[in-house]
Amino acid sequence: AENEPSWETPCTKLLVYVSTPGCDGFPSLDSNESYKLSVSKGSMLLSAETIWGALRGLETFSQLVGRDENGTYYINETEIVDFPRFPHRGLLLDTSRHYLPLKAILETLDVMAYNKFNVFHWHIVDDPSFPYESSTFPELSKQGAFNAMTHVYTASDVRSVIEYARLRGIRVIAEFDTPGHTLSWGPGAPGLLTPCYMGKAPSGVYGPINPIVNSTYQFVTRLFQEVSTVFPDFFLHLGGDEVDFTCWKSNPEIRAFMVEMGLGQDYKKLESFYIQRLLDIVSSLGKGYIVWQEVFDNDVKLRPDTIIHVWKENNLQYLNEMANVTRSGYRALLSAPWYLNRISYGQDWIEAYKVEPLMFEGSPEQKALVIGGEACMWGEYVDVTNLTPRLW
Amino acid sequence: RYYEYIFGHSWRRTWGRRPLAARAEPELFQLQVVIEARDPGCDRHPQLASSEAYHLTVTEPVAILKAPEVWGALRGLETFSQLVHEDDYGSVLVNESEINDFPRFAHRGVLLDTSRHYLPLKSILTNLDAMAFNKFNVLHWHIVDDQSFPYQSIYFPELSDKGAYSSNLIYTPTDVRVVIEYARLRGIRVIPEFDTPGHTQSWGKGQKDLLTPCYNGGQPTGSFGPVNPVWNTTYDFMTKFFKEISSVFPDEFIHLGGDEVDFSCWKSNPEVKEFMKKQGFGIDYAKLESYYVQNILDIVSSYNKGQMVWQEVFDHKAQLKPDTVVQVWMANNYARELSRVTGAGFTAVLSAPWYLDYISYGQDWKKYYSVEPLNFPGSEEQKKLLIGGEACLWGEFVDATNLTPRLWPRASAVGERLWSSSNVTNLQDAYKRLTNHRCRMLRRGIAAEPVFVGYCAHEAR
């Protein structure tokens, strides 16, 4: 009969053709992820410019294959020409608020590949713990990890993550967030953090990184030298968010510095002072950088190829921020409406889905500066017991 | 199994080995468990009236756990297992202690919904373990509902044949027996809920002419509403069905549901409308609902089972049996409802503030912990009628992939509220113990989610 499926020619091979594979390289922001998929009677062809496009096409192909009631695998005749709308499609994991065992990170990378994500933003250290084992400064994790034997990422662990990601076309962008969010750095790097004061005497509590001492910049240079070599991606995320000025204000040496430098009472200028030097250091190491939006909001002098990460969400204010960032000529990454750690009852995927990243006032050139976005899974309430069902 | 809980995870088993520089420190050699009643109840099922009290004396060389009934011994064993701790060197220690304990409320339950999503047997059993670690003693098994009918009935096999999501997503009689026994060994009662007349779409697949056909403009639309209260066949079916349920489930209570009955289909059906006229119910369909419910209560009573119902059954003024338990679930002004229910002389169980399926960002365990169930206007006698509460985990967004972390340790806050004395309310202290307890549950194989930032020495894998 006419409408019966013809099972005579089973398709046994998917031919994958890649023009410039680059299989031994790393994916980058500029990688071409386009692919063509052609399925017809007797032939299945996946062709792509690069291996990264082939990976995306393989994922699509694997989703097209169905199985009928008799157990037969089948696939419809198909013609697909596909490429991503945004080149930076990321996921943030936070391994400081809770340690995530290697297996959990690798499993997440698998699911990212099933969903065509291509950036793993590794928010690896923060206030609560420092699980990153540094070869230059081993004391950082020895003193700063939740448990230096069991809750750390060794150099080998980090290499595993980077390679596992690479094989899935996923870039690993490490974030070493400073000058705030650094409490766990203190125990392993005495003199790095600002001692807070209660009146005339130190209170015993510490604040953000101390921006006025040279030792800070020596430390930062050596740490980022290491980080730059360990993480092959061109970009590093330097953080720069939520710097609490109270501790700096309480410290008499810092107050004196403010006067000396003519910064008045504007501690944002002190923050900028630190960030600018940090950006110079990282630039000189041959890396590009991504920073949280405060760095842009506080008028820090940035390199034109800086990427601004928009995260503050307040009644769709983030769209204004996207407009401002792109109007100033910087590339933007959107996360504000995609804080997946902020759970709520019901089908909240719908709100996330409805977001239109380019729905702000701006020229086409501006909008072209939006390179993508990241779903964020902050770790305050998340560890391996609930990570996967919360994320997916 | 408590031996395993206490010593199992310890990878440095200092079994009889003393540290090198040992002083002759006191050693605990034995925990003696004594059940005082002549009939300890080991072969029976726990009941609402069971005693869960226990007395624990920990002193060297022998600790004694005494309880009137075996159920108290189980609670005491759980406590003892929590008293045992490890120091930094792996030595297993316990402090000299004297504990006299008993629950504040006798009914401390967890509701699981296996209709919105099927829950594999293993996940139900794991949950029973976690319940035991938190001294819960009732599993309210909301086993069927609109979406699916996974309960394999002996008298009416078509119910699950046609009503389950698929042929392998069912609970066979063996599965049910396994759950009941696993629960019993942990002192947990299993109260099944067969919710009618609403919430019954899936029943209609396998039982023709059970549900009310809805009408539009004098014609059946093809869709169905609640159970048809007008046909005799309905009550014939229910009589037979609840006979089976009464024999399959040993607990003295069966939950009959009775919530959220949508009257629109009844209103559209000409036979129903005719019946309303004949009965003199006017246009008050709540009276029809009560008529139905009363018949079911009578049927279930005749099998010597007590009944639990959702609050609407009481609110709509059905005539309840004197020992019917009313479950208060509507969040709006639940204190007033508790006053009304207990004021009318009925026993109540509180769930309204403990709908754990309503997730939100942050440490919501605190708001569950801060509930004071007896904060409602009423006399002392009235307050005695509040026999406990249930943490509910409705299944719209829950299945085996996320059940355990979603329920635990949030339900632990409810567990403590229902067991402990009313003055145990300090949140900072509770936080310390809860985070510790969460790590303990991890060690025992319960994937409880984190309370807040931090870590456990023995993480989940």
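For clarity, every value in this text was computed on a predicted model and none was experimentally measured.

1. Details of the overall build of chain B
A tally of helices and strands in chain B yields 17 helices and 16 strands. The C-alpha radius of gyration of chain B comes to 24 Å, within 12% of the 23 Å expected for a compact globule of 461 residues. The dimensions of chain B, computed from C-alpha atoms along their principal axes, are 90 × 50 × 50 Å. The long-range share in chain B, meaning contacts at least 24 apart out of those at least 6 apart in sequence, stands at 70%. For chain B, the accessible area works out to roughly 20,300 Å², and carbon and sulfur atoms hold 52% of it. Seen as two clouds, the 48 positive and the 55 negative side-chain charges of chain B have centres 2 Å apart.

2. Some words on the domain arrangement of chain A
Residue and element names in this part refer to chain A. When the domains of chain A are assigned, the result is domain 1 (15–82) and domain 2 (88–391). Inter-centroid distance (C-alpha atoms) of domain 1 to domain 2 is 34 Å. In total, about 1,300 Å² of surface goes out of reach between domain 1 and domain 2, with carbon and sulfur atoms giving 55% of it. Among the residues of domain 1 in contact with domain 2, Phe 26, Leu 29 and Arg 56 are the three that bury the most area, contributing 47% of the side total. Our count for the contact surface shared by domain 1 and domain 2 stands at one salt bridge. Across the pair Arg 89 and Glu 33 runs a salt bridge, and its minimum N-O distance is 2.8 Å. In this assembly, domain 1 and domain 2 are joined by eight residue pairs in polar contact (both at pLDDT 80 or more). If one sorts the elements of the side of domain 1 that touches domain 2 by residue count, helix H1 (residues 51–64) sits on top with six residues. Classifying every residue of the side of domain 1 that touches domain 2 gives seven nonpolar, four polar and four charged.

3. Quick look at the interface of chain A and chain B
Counting residues at the interface gives 23 residues for chain A, matched by 28 residues for chain B. Buried surface at the junction of chain A and chain B, both sides included, amounts to about 2,200 Å², of which 65% is carbon and sulfur. Counting the surface chain A buries against chain B, the share from its top three residues, Tyr345(A), Tyr381(A) and Thr385(A), is 34%. The interface formed by chain A and chain B includes two salt bridges. One salt bridge connects Asp383(A) with Arg438(B), and the closest N-O pair in it is separated by 2.8 Å. Along the contact surface separating chain A from chain B lie eleven residue pairs in polar contact (both at pLDDT 80 or more). Within the side of chain A that touches chain B, the residues separate by chemical class into nine nonpolar, nine polar and five charged.

4. Let's talk about the UniProt feature "domain: Glycoside hydrolase family 20 catalytic" (unreviewed entry) in chain A
Mapped onto the present numbering, the UniProt feature "domain: Glycoside hydrolase family 20 catalytic" (unreviewed entry) falls on residues 86–392 of chain A. From the first C-alpha to the last, residues 86–392 of chain A spans 20 Å; its make-up is 36% helix and 20% strand.

5. Notes on the nonpolar core
Counting residues in each nonpolar core, the largest one holds 86 residues, and the members touching the most others are Tyr151(B), Phe194(B), Trp203(B), Met238(B), Phe241(B), Phe242(B) and Trp408(B). With sequence-adjacent residues up to four places away left out, Phe242(B) is seen in contact with Phe194(B), Ile254(B), Leu256(B), Ile296(B), Ile299(B), Val300(B) and Tyr303(B). If you look at the next biggest cluster of nonpolar residues, it comprises 75 residues, including Tyr217(A), Phe224(A), Ile281(A) and Phe360(A).

6. Focus: the pairing of strand E10 (residues 193–198) of chain A
Pairing of E10(A) with strand E11 (residues 201–209) of chain A involves four bridges; the strand directions are antiparallel. Across the sheet, the residue bridging to Pro195(A) is Tyr206(A), located in E11(A).

7. What about the sheet that holds strand E16 (residues 386–393) of chain B?
Residue and element names in this part refer to chain B. If you walk around this closed barrel you meet the eight strands as E7-E8-E9-E12-E13-E14-E15-E16, and the pairing is parallel. Neighbouring strand axes in the sheet, compared pairwise and without regard to direction, differ in orientation by 30 degrees on average. As defined by bridge partners, strand E14 (residues 325–328) adjoins strand E15 (residues 347–350) across four bridges and the pair is classed as parallel. In the sheet register, Val 326 faces E15, and the bridge partner there is Ala 348. Strands in contact with helix H10 (residues 285–302) are strand E9 (189–196), strand E12 (253–257) and strand E13 (306–310); relative to E13, the strand with the most contacts, it is inclined by about 150 degrees.

8. Some words on the state of the cysteines
Residues and elements named next belong to chain B. For the structure on display, the rule yields three disulfides over all chains. Note on cysteine connectivity: Cys 214 is disulfide-linked to Cys 265, with sulfurs 2.1 Å apart. Between Cys 214 and Cys 265, the disulfide has an S-S torsion of -110 degrees and is therefore left-handed. You can see Cys 214 sitting in strand E10 (residues 211–216) and its partner Cys 265 sitting in helix H8 (residues 264–268), a full 51 residues away along the chain. Given the relative accessible area of 11%, Cys 214 is considered buried. Judged by relative accessible area, which is 7%, Cys 265 ranks as buried. If you count the bonded cysteines of chain B from the N-terminus, they pair up as 1-2, 3-4.

9. Re the UniProt feature "active site" (unreviewed entry) in chain A
All names here are of chain A. Mapped onto this structure's residue numbering, the UniProt feature "active site" (unreviewed entry) falls at Glu 242. With residues up to four places along the chain from it excluded, the contact list for Glu 242 reads His 181, Glu 294 and Trp 311. Engagement of the side chain of Glu 242 in a polar contact is seen with the side chain of His 181, the distance being 2.8 Å.

10. Here we look at the pattern of salt bridges
Per the counting criterion, the structure on display carries 34 salt bridges over all chains. Here Asp233(A) and Arg171(A) are joined by a salt bridge, their closest N and O atoms 2.8 Å apart. On the criterion of sequence distance, the pair formed by Asp233(A) in the loop between helix H5 (214–230) and strand E12 (235–239) and Arg171(A) in strand E9 (residues 171–178) is long-range, its members being 62 residues apart. Accessibility expressed as a relative area gives 3% for Arg171(A), which makes it buried. Ionic pairing is found between Arg340(B) and Glu337(B), a salt bridge with its closest N-O pair at 3.0 Å. Of this pair, Arg340(B) and Glu337(B) both sit in helix H12 (residues 334–343), separated by three residues, roughly a single helical turn. Judged by relative accessible area, which is 41%, Arg340(B) ranks as partly exposed. Connected through salt bridges with shared partners, the residues Asp94(A), Arg97(A), Asp126(A) and Glu380(A) form a single ionic network.

11. Considering the domain arrangement of chain B
Residue and element names in this part refer to chain B. As far as domains go, chain B holds domain 1 (1–14 + 24–101) and domain 2 (107–422). On the domain 2 side, the residues contacting the 19 residues of domain 1 number 21 residues. Here domain 1 meets domain 2 over a buried area of about 1,700 Å², counting both sides, of which 52% is carbon and sulfur. Where domain 1 meets domain 2, there are one salt bridge.

12. A few points about a nonpolar patch on the surface
A cluster of nonpolar side chains, contributed by Leu15(A), Tyr17(A) and Leu45(A), occupies part of the molecular surface with about 300 Å² of accessible area. Relative to the helices and strands, Tyr17(A) is located in strand E1 (residues 15–18).

13. Section: unusual backbone geometry
Each neighbour pair has its own omega, and for Thr196(B) with Pro197(B) the value is 0 degrees, a cis peptide bond. Here Pro197(B) shows up in the loop between E9 and helix H6 (201–206). The backbone of Asn315(A) shows a phi angle near 55 degrees, a positive value even though the residue is not glycine. Mapped onto the fold, Asn315(A) is located in the loop between strand E14 (307–310) and helix H10 (317–327). The residue Asn304(B) is not glycine, and still its phi comes out positive at about 60 degrees. Within the secondary structure layout, Asn304(B) lies in the loop between H10 and E13.

Conventions we followed
- Going along each chain's sequence as written, the residues are numbered from 1 onward.
- Lettering of chains starts at A and numbering of ligands starts at 1, both following the order in which they are written.
- Local features in a predicted model are, by the rule used here, given only for residues with pLDDT of at least 70; side-chain atom pairs are given and counted only at 80 or more, and totals for whole chains, interfaces and linings are based on all residues.
- With hydrogens and water stripped out, all remaining heavy atoms of the structure feed into the side-chain values.
- Numbering of helices and strands starts at the N terminus; helices are DSSP runs of H or I of at least 4 residues and strands are runs of E of at least 2.
- The globule rule is 2.2 Å times the number of residues to the power 0.38, and the radius of gyration it is compared with is taken over C-alpha atoms.
- By definition in these notes, contact holds between two residues if any of their heavy atoms fall within 4.5 Å.
- Each accessible area is a Shrake-Rupley estimate made with a 1.4 Å probe; only the visible protein chains count as cover when residues are assessed.
- His is not counted, nor are the chain ends; Lys and Arg add positive charge and Asp and Glu add negative charge.
- Throughout, a charge is located at the NZ atom of Lys, the CZ atom of Arg, the CG atom of Asp or the CD atom of Glu.
- What marks off one domain from the next here is an automatic or database domain assignment.
- Two parts lose some accessible area (1.4 Å probe) when they are put together, and adding that loss for both gives the buried area.
- Any Lys or Arg side-chain nitrogen found within 4 Å of a carboxyl oxygen on Asp or Glu counts as a salt bridge.
- Definition of a polar contact: a pair of N or O atoms within 3.5 Å, with one able to donate and the other able to accept a hydrogen when the atoms are protein atoms, and with sequence-neighbouring residues admitted only if both atoms are side-chain atoms.
- Residues are grouped as follows: Ala, Val, Leu, Ile, Met, Phe, Trp, Tyr, Cys and Pro are nonpolar; Asp, Glu, Lys and Arg are charged; all remaining types, including Gly, are polar.
- UniProt positions are given in the numbering used here, feature names are shortened, and annotations may be inferred rather than shown by experiment.
- For the purposes of this section, nonpolar cores are sets of buried Ala, Val, Leu, Ile, Met, Phe, Trp, Tyr and Cys residues that join through side-chain atoms within 4.5 Å.
- Relative accessibility under 20% of the residue-type maximum defines a buried residue, over 50% an exposed one, and the middle range a partly exposed one, all with a 1.4 Å probe and only protein chains included.
- Note on pairing: two strands pair once DSSP finds at least 2 bridges between them.
- Each axis is a line fitted through C-alpha atoms, taken for helices only over the stretch in contact, and angles between the N-to-C directions span 0 to 180 degrees.
- Note that a disulfide, as used here, is simply two cysteine sulfur atoms within 2.5 Å.
- The patches described consist of residues with a relative accessible area above 30% and no salt bridge, like charges being joined within 9 Å and nonpolar side chains (Val, Leu, Ile, Met, Phe, Trp, Tyr) within 5 Å.

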